[in-house]
Amino acid sequence: MAKALICCLAAVFFGIAYGEDGIGRGTLRFVQNDQTSSSYSTGIVQVYVGGSWGGICSNNDFGQTEANVICHQFGYSAAASYSTVGNLDRYGSIDVITISNVQCSNDDYQVLFQCDFISSNETECNVDNAVIVECMSTRVWDDPFSGQIRLQRGEFSSEGLVEIYCNDRWGTVCDDLFNQNSADTVCNQLGYTDAIDITSEIQGNTSQPIWLTNTNCAIVYSCLTSCTSCPSSDEQVTNCVHQEDVNVHCAYESTSSQFGGTLTTCDFTDLAEAISRLIGIIVGVVIAFFVIVAICITLPICICCCLGVGIGAAAAKA
């Protein structure tokens, strides 16, 4: 109840717009012959904006990068192909185009609204030019990094059960002290700007650990692990139960000061490996330095000793 009140106050004071059934601005869905399902990985792409669903116009700006970003938003690693309703008569048609002139400057964007575009009331585009995308079967979390998060089992990819990857396992987050900043941080890490709802409607599997509790971010971060951290042990360290698992609904708000993270924003794996290599190099240099110093100190002593023995022996013979 308290969390719902927080979200409603956020909507009033910060201009976060709720759509029908709590759908967030910028949410995507695939449509196949007037049917939609969260299990689809291909179809006519529709975006939720201005309180309604509409297609995306394919023009000279739309290409592989834009198709990849669309698939990222659905949780897939890349697009296998893209086409239009007019060129691929497989998924039927739609009634309206919502956005056009989509241009993505970064192939690592996770949400389409991180890209530039114009709304349909500023351009005309025939529905035959509505974008169709087919995503690859591989997922963006197939090779997860520590602290990676994902939303699972929601009606749309912008909502669902929050899961975080810790200690080589996917687990959930307890709602104890979980606040609006924490929810916004989750959405920000996933490429969105705001969380428009916090619930516990979808629960994790009993075999899953609950990795985090008392997640109470003081501000909105780019990564959830900047606010909290994975437990050091692979054993669950909280007394929470799965009925307390956090769900969030994300949106991309044009008025937000946040931009949303990319696929690599919170992946510190390469950085950790680079630091480890650097430490190894530094240790090697330090060891080499002391070896050289030791040689420089002991070599003259050895030479002097050898010369002394040789001079003594010569004197004895004389």
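Bear in mind the structure is a predicted one, so any value in this text is a computation, not a measurement.

Colleague: Would you explain the overall build of the chain in this entry?
Modeller: Within the chain, the secondary structure is distributed over four helices and 14 strands. Taking all 318 residues of the chain together, 45% fall into the buried category. Restricting to contacts in the chain with at least 6 residues of sequence separation, those with at least 24 account for 75%. In the structure as shown, the chain presents an accessible area of about 15,900 Å², 54% of it carried by carbon and sulfur atoms.

Colleague: Before we go on, may I ask you to explain the state of the cysteines in this structure?
Modeller: Linking two cysteines covalently via their sulfur atoms produces the bond known as a disulfide. Within the structure shown, the criterion is met by eight disulfides. Across a sulfur-sulfur distance of 2.0 Å, C104 and C115 are joined as a disulfide pair. The sign of the 95 degrees torsion about the S-S bond sets the C104-C115 disulfide as right-handed. Separated by 11 residues along the polypeptide, C104 in the loop between β6 (97-103) and β7 (116-119) and C115 in the loop between β6 and β7 bring together distant segments of the chain.

Colleague: I'm lost on the pairing of strand β14 (residues 247-251) in this one. Help?
Modeller: The side chains of a regular strand alternate between the sheet's two faces. Taken across its five residues, β14 has five buried, putting it largely inside the fold. Along β14, one buried face is formed by N247, H249 and A251 and the opposite face, lined by V248 and C250, is buried too. Pairing of strand β10 (residues 159-166) with β14, which is carried by three bridges, proceeds in the antiparallel orientation. Looking at β14, one finds that L161 is bridged to N247. Here five bridges tie strand β12 (residues 194-199) to β14, and the two strands are oriented antiparallel to one another. The partner of A195 across the bridge, within β14, is C250.

Colleague: Looking at this structure, how should I read the environment of G204?
Modeller: Looking at the element boundaries, G204 is found in the loop between β12 and β13 (210-212). On the accessibility criterion, G204 (12% relative accessible area) is buried. For the pair G204 and V173, spaced 31 residues apart in the sequence, the C-alpha separation amounts to 9.3 Å. With residues near it in sequence (within four places) discarded, G204 still touches R153, L161, T172, H242 and D245.

Colleague: Looking at this model, I keep getting lost on the side chain of E163. Mind explaining?
Modeller: Inspection of the secondary structure assignment puts E163 in strand β10. Judged by its relative accessible area of 5%, E163 falls in the buried class. Within polar-contact distance, the side chain of E163 engages the side chain of Q208 at 2.9 Å. Setting aside anything within four residues of it in sequence, one finds E163 in contact with Q148, I149, R150, Q152, W170, G171 and Q208.

Colleague: What am I meant to see in unusual backbone geometry here?
Modeller: The bulk of non-glycine residues show a negative phi, and the bulk of peptide bonds are trans. Of note, D34 is a non-glycine position whose phi angle comes to about 70 degrees, a positive value. Tracing the backbone shows D34 in the loop between β1 (28-32) and β2 (35-36). Of note, D168 is a non-glycine position whose phi angle comes to about 70 degrees, a positive value. Tracing the backbone shows D168 in the loop between β10 and β11 (169-173). Relative accessible area serves as the criterion here: at 65%, D168 is assigned to the exposed category.

Colleague: Quick question: what am I supposed to make of helix α3 (residues 180-189) here?
Modeller: Residue pairs spaced three or four apart in an α-helix point in one direction, given the helix's 3.6 residues per turn. In terms of residue burial, α3 counts as a mostly covered element, since nine of its 10 residues are buried. Considered for burial, the residues of α3 that qualify are Q180, S182, A183, D184, T185, V186, C187, N188 and Q189. In the stretch just after α3, G191 is the one whose phi turns positive, near 100 degrees.

Colleague: Looking at this model, I keep getting lost on the nonpolar core. Mind explaining?
Modeller: Soluble globular proteins: nonpolar side chains tend toward being buried together. Counting residues in each nonpolar core, the largest one holds 47 residues, and the members touching the most others are I56, I70, L112, V133, V186 and V248. A total of four residues in this core trace back to one element, the largest contributor, which is helix α2 (residues 64-73). Counting residues in hydrophobic clusters, the runner-up holds nine residues, among them I44, V85, Y91 and I97.

Colleague: How should I be thinking about the packing of aromatic side chains in this particular structure?
Modeller: Any aromatic ring pair is given by two values, namely how distant the centres are and how the planes are angled relative to each other. Across all of its chains, the model carries seven aromatic pairs by this definition. An angle of 40 degrees between the planes, with centres 5.4 Å apart, marks the rings of W53 and F156 as tilted. Here F156 lies in the loop between β9 (149-153) and β10 and W53 lies in strand β4 (residues 52-56), a separation of 103 residues in the sequence. For F156, a relative accessible area of 9% translates into the label buried. Members of the aromatic cluster, connected to one another through ring pairs, are Y48, W53 and F156. Sitting over the face of the ring of W53, R29 holds its NZ or CZ atom 4.1 Å from the ring centroid. Across the ring face of Y76, the terminal group of R139 is positioned such that the distance to the ring centre comes to 4.0 Å.

Cut-off values and rules
- Sequence order as written defines the numbering, with residues in each chain counted from 1.
- Local features in this predicted model are restricted to residues of pLDDT 70 or higher, and side-chain atom pairs are both shown and tallied only at a pLDDT of 80 or more, whereas totals for entire chains, interfaces and linings draw on every residue.
- With hydrogens and water stripped out, all remaining heavy atoms of the structure feed into the side-chain values.
- By definition, any uninterrupted DSSP run of H or I lasting at least four residues is a helix, any uninterrupted run of E lasting at least two residues is a strand, and each is numbered from the N terminus.
- Only protein chains enter the accessibility calculation, which uses a 1.4 Å probe; a residue is then buried when its area is under 20% of its type maximum, exposed when over 50%, and partly exposed in between.
- By definition, residues are in contact when any of their heavy atoms lie within 4.5 Å.
- Each accessible area value is a Shrake-Rupley result obtained with a 1.4 Å probe; residue values ignore everything except the protein chains displayed when judging cover.
- Only a pair of cysteine sulfur atoms within 2.5 Å counts as a disulfide in this structure description.
- When DSSP finds two or more bridges between two strands, those strands count as paired.
- Pairing of N or O atoms within 3.5 Å defines a polar contact, subject to two protein rules: one partner must be a possible hydrogen donor and the other a possible acceptor, and residues neighboring in sequence count only if both atoms are side-chain atoms.
- By convention a nonpolar core is built from buried Ala, Val, Leu, Ile, Met, Phe, Trp, Tyr and Cys residues, the set being connected through side-chain atoms within 4.5 Å.
- Put simply, two rings from Phe, Tyr or Trp (the six-membered ring, in Trp's case) pair if the centres are within 6.5 Å, and we call them stacked under 30 degrees between planes, edge-to-face over 60, tilted for the rest.
- For a lysine, the NZ atom is tested; for an arginine, the CZ atom; a charge sits over a ring if that atom is within 6 Å of the ring centre and within 35 degrees of the ring normal.

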